[in-house]
2 protein chains.
Amino acid sequence: MTDTPDNLRLNQQLCFSLYSASRALTGLYRELLAPLGVTYPQYLVLLALWEKSPLTVSELGAQLQLDSGTLSPLLKRLELLGLLSRNRADHDERVVLVALTERGTALRAEAVTVPDAITEAIGLERAQLIGLRDQVEDVADRVRTAIPTENAKTR
Amino acid sequence: MTDTPDNLRLNQQLCFSLYSASRALTGLYRELLAPLGVTYPQYLVLLALWEKSPLTVSELGAQLQLDSGTLSPLLKRLELLGLLSRNRADHDERVVLVALTERGTALRAEAVTVPDAITEAIGLERAQLIGLRDQVEDVADRVRTAIPTENAKTR
DNA sequence: CGCTTTTAAGTTGAGCACAACACAATCGTG
DNA sequence: CACGATTGTGTTGTGCTCAACTTAAAAGCG
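The sections below set out a description of the structure shown in this document. Since the structure is predicted, the reported quantities are computational estimates derived from the model, not experimental observations.

About the cut-offs
Residues numbered from 1 in each chain as written. Chains lettered and ligands numbered in written order. Predicted model: local features only at pLDDT ≥ 70, side-chain atom pairs only at ≥ 80, totals over all residues. Heavy atoms only, no water. Near = heavy atom within 4 Å. Polar contact = N/O pair within 3.5 Å; in protein donor to acceptor, adjacent residues only side chain to side chain. Helix = DSSP H or I, 4+ residues; strand = E, 2+ residues; numbered from the N terminus. Contact = heavy atoms within 4.5 Å. Buried area = accessible area lost by both parts, 1.4 Å probe. Salt bridge = Lys/Arg side-chain N within 4 Å of Asp/Glu carboxyl O.

Let us look at the protein's contact with DNA strand C. Neighbouring DNA strand C are 28 residues, the closest being Arg77(A), Tyr19(B), Ser58(B), Ser68(B) and Ser72(B). The protein-proximal atoms of DNA strand C, defined as those within 4 Å of the protein, are 83% sugar or phosphate. Val57(B) is positioned with one of its backbone polar atoms (N or O) 3.4 Å from a phosphate oxygen of DNA strand C. Arg94(B) places a side-chain nitrogen or oxygen 3.2 Å from a base oxygen of DNA strand C. Of all the elements in the fold, those that place two or more residues in the surface near DNA strand C are helix H2 (40-51) and helix H4 (68-80) of chain A together with helix H1 (5-33), helix H3 (57-64), helix H4 (68-80) and strand E2 (84-88) of chain B.

The structure is reproduced here in structure tokens:
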């Protein structure tokens, strides 16, 4: 609890570096994904669907930590691109099933070079990669549990 | 150069964790800054100005890695809030000097609790904080130099 | 000095992120 | 079964982010 002013500053620097790194990465993905005609968040949706199609909007939201306010228009754009379809589930009319189209499935082949380019740009060894990922996830988890409104929802 | 599929996956996970952590942090700042009526990017501008008051738009852009397309409307909103002023420099009419108003300066007092709350939420020791910050900055730097368009500009 | 080039900010348009709200389908409980 | 609560998705409004373009001022150069 006895935080030096210096530690407060370090925390701010960490926050900014995460904010800045995230934007830089999105920029790199922008270049790499331009040939495919999709954005980074759209690519994340495709990654999820390449693992398992169909997924519901909620399932996608849970994986990407995005709500329907973000996903609905994003999925609509991907549908317009002909990469996926959206259909109400038979068993529950509230649920929308998001499924890859043939074209969406095929796009995977064009995306194979993306991870390599990212890997090269980041240029970290396996061990460092794991360490950094775990630390960042740890911070994110702690921050998420610290957000008051999230906790207020008595789930 | 011989990357296993597993390493490709790790890199993707790192990218996503950075993207996700950044958004989680912005969410926490949203709660903390709500009483002040500013957003996280706006808060970053104020932090810079609390260090040194007038700053040009370019100087702010260099510090925050944001271009005028983002800063211009953001600064306009802060001006509308009465927190800062924008005036063309005498010596060079192209340059806009962004300066804190009295109210903008005073807001610093209300913001003192923010860094403590962030520090508590993140809950890392000094050494880990430094290590993580440096690693993340390192990744961001490497990614930035890997973006083709940035390099293309023969500055 | 004129004229081209460069530079600083601003504008526009597309997409993302999220809060707040809307609405219909389903669930739960009496 | 009825009816209030919950759930899944969508809509609206505000703000951020960036690419591409515009405009005006300044700098550089023959």
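What follows concerns the interface of chain A and chain B. If you look at the interface, chain A gives 60 residues, while chain B gives 60 residues. Summing both partners gives a buried area of about 6000 Å² for chain A against chain B, and 65% of it is carried by carbon and sulfur. Inspection of the region where chain A meets chain B yields four salt bridges. The partner of Arg126(B) in a salt bridge is Asp6(A), with the nearest N and O atoms 2.9 Å apart. Summed over the shared surface of chain A and chain B, the number is 18 residue pairs in polar contact (both at pLDDT 80 or more). For the side of chain A that touches chain B, the elements supplying multiple residues, two or more each, are helix H1 (5-33), H2, helix H3 (57-64), helix H6 (113-122), helix H7 (126-146) and helix H8 (148-152) of chain A.

You can see Asp92(A) is positioned in the loop between strand E2 (84-88) and strand E3 (96-100). Reaching out from Asp92(A), the side chain makes a polar contact with the side chain of Arg94(A) at a distance of 2.8 Å.

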